[in-house]
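# Observations on the model geometry
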Amino acid sequence: MSYAEKGSGPVLVLLHGFPLDSRMWQAQVSELSGRWQVIAPDHRGFGQSRSETPFTIESLADDAHALLRELKALPCVLAGLSMGGYVALAYAKKYPTDLRGLILIDTKAEGDSPEGKEGRQKMIDSVRAEGSKAVADQMMPKMLAEETPKARPHQAQALREIMDACPPKTIEHALLAMRDRPDRTADLPSIAVPTLILVGDRDRITPLSNAQTMRDKIPNSQLTLIKGAGHMSPMEQPAQVNQAIGRFLGALA
Ligand code: MLT
């Protein structure tokens, strides 16, 4: 499993979303590594973690846990964006004692709706027929706040490059893994660690209502709205996201 790592101190782990890789966390790795050991893995099949083996959201949590055990990086604060958040919630259920805190970014606890599951199948058909770029074409318009591509074109370009590079087989495996993941809403009241929830105020994929459900059900949780961000708040508004994470980590330490 490939991973980016920087800094020393208590461990912060960053789990990327779909169809992305650890490069989405560049701004967090460089800024937060001043006080923390930041580890950003590429999930199985993504980025430099080349693999054609199918996976589930739970097996991605197992992969992350095995890597962190190998690196002697447990317990950690675990952050996940979107699909990375699904993995973080699976980890929180399975490895609660190897967790110091949880950061859930532009994600949700609910499983896929019947229409959502159908949408996954359509996307599988299109990646099989036309490759990764077809998936990026479909997803790009929803990933960022409407004004981001014009106001900060380098961010849109960086995102597009990461999405285009995702192998088609991995996209297919991830769509199946997300489609078949369980609804985690009933598990939220059992999360015992301090939890920070972040959501872009323009997130159209996992909007504020999803974040509010997690805030209402996770006992020791707080929600911060990231202004001027869509679904990719760590890339779109890195200063706000880093400040919110830094404050949360400071209070934990
Ligand atoms: C992600 O950003 O990881 C995905 O959009 C999540 C999803 O499709 O459910």
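Residues numbered from 1 in each chain as written. Predicted model: local features only at pLDDT ≥ 70, side-chain atom pairs only at ≥ 80, totals over all residues. Heavy atoms only, no water.

## A short note on the site of the ligand
Taken together, the residues surrounding the ligand are Gly17, Phe18, Ser82, Met83, Tyr86, Arg120, Met139, Met178, Ile205 and His231. One of the backbone nitrogen or oxygen atoms of Phe18 is found 2.8 Å away from an oxygen atom of the ligand. For the ligand, an oxygen atom lies 2.9 Å from a polar atom in the backbone of Met83. Notes on the ligand: free accessible area 270 Å², of which the protein chains cover 94%. Looking at the shell around the ligand residue by residue, the classes come out as six nonpolar, three polar and one charged. (Near = heavy atom within 4 Å. Polar contact = N/O pair within 3.5 Å; in protein donor to acceptor, adjacent residues only side chain to side chain. Areas by Shrake-Rupley, 256 points an atom, 1.4 Å probe, with all protein chains shown as cover. Nonpolar A, V, L, I, M, F, W, Y, C, P; charged D, E, K, R; others polar.)

## Here's the deal with the nonpolar core
By size, the foremost hydrophobic cluster in this structure holds 81 residues, and its most contacted members are Leu12, Phe18, Leu102 and Ile245. Looking at this core, the element that brings in the most residues is helix H3 (residues 83–94), giving eight residues. (Core = buried A, V, L, I, M, F, W, Y, C linked by side-chain atoms within 4.5 Å. Buried < 20%, exposed > 50% of the residue type's maximum accessible area, 1.4 Å probe, protein only. Helix = DSSP H or I, 4+ residues; strand = E, 2+ residues; numbered from the N terminus.)

## Here's the deal with the pattern of salt bridges
Applying the stated rule across the entire model yields 16 salt bridges. Across the salt bridge formed by Asp63 and Arg44, the nearest N and O atoms sit 2.9 Å from each other. Placement of the pair is Asp63 in helix H2 (residues 57–70) and Arg44 in the loop between strand E3 (37–41) and H2, with a sequence separation of 19 residues. Salt-bridge contacts for Arg179 lead to Asp180; the nearest nitrogen and oxygen are separated by 2.9 Å. Each of the salt bridges in this network shares a partner with another, and the network as a whole consists of Glu58, Asp62 and Lys94. (Salt bridge = Lys/Arg side-chain N within 4 Å of Asp/Glu carboxyl O.)

## Observations concerning the pairing of strand E6 (residues 195–200)
Taking burial as the measure, the six residues of E6 include six buried ones, the bulk of the element. Side chains of E6 alternate between two faces, with Thr195, Ile197 and Val199 and Leu196, Leu198 and Gly200 buried alike. Summarising the sheet, strand E5 (residues 99–105) and E6 pair through four bridges and their orientation is parallel. From the neighbouring strand, Leu102 faces E6, where its bridge partner is Thr195. In this structure, E6 lies alongside strand E7 (residues 221–226), joined through six bridges in parallel fashion. From the neighbouring strand, Leu196 faces E7, where its bridge partner is Gln222. In this fold, the crossover linking E6 to E7 by way of helix H9 (residues 208–217) has right-handed handedness. (Pairing = 2+ DSSP bridges. Right-handed = clockwise from strand over helix to strand, strands pointing away.)

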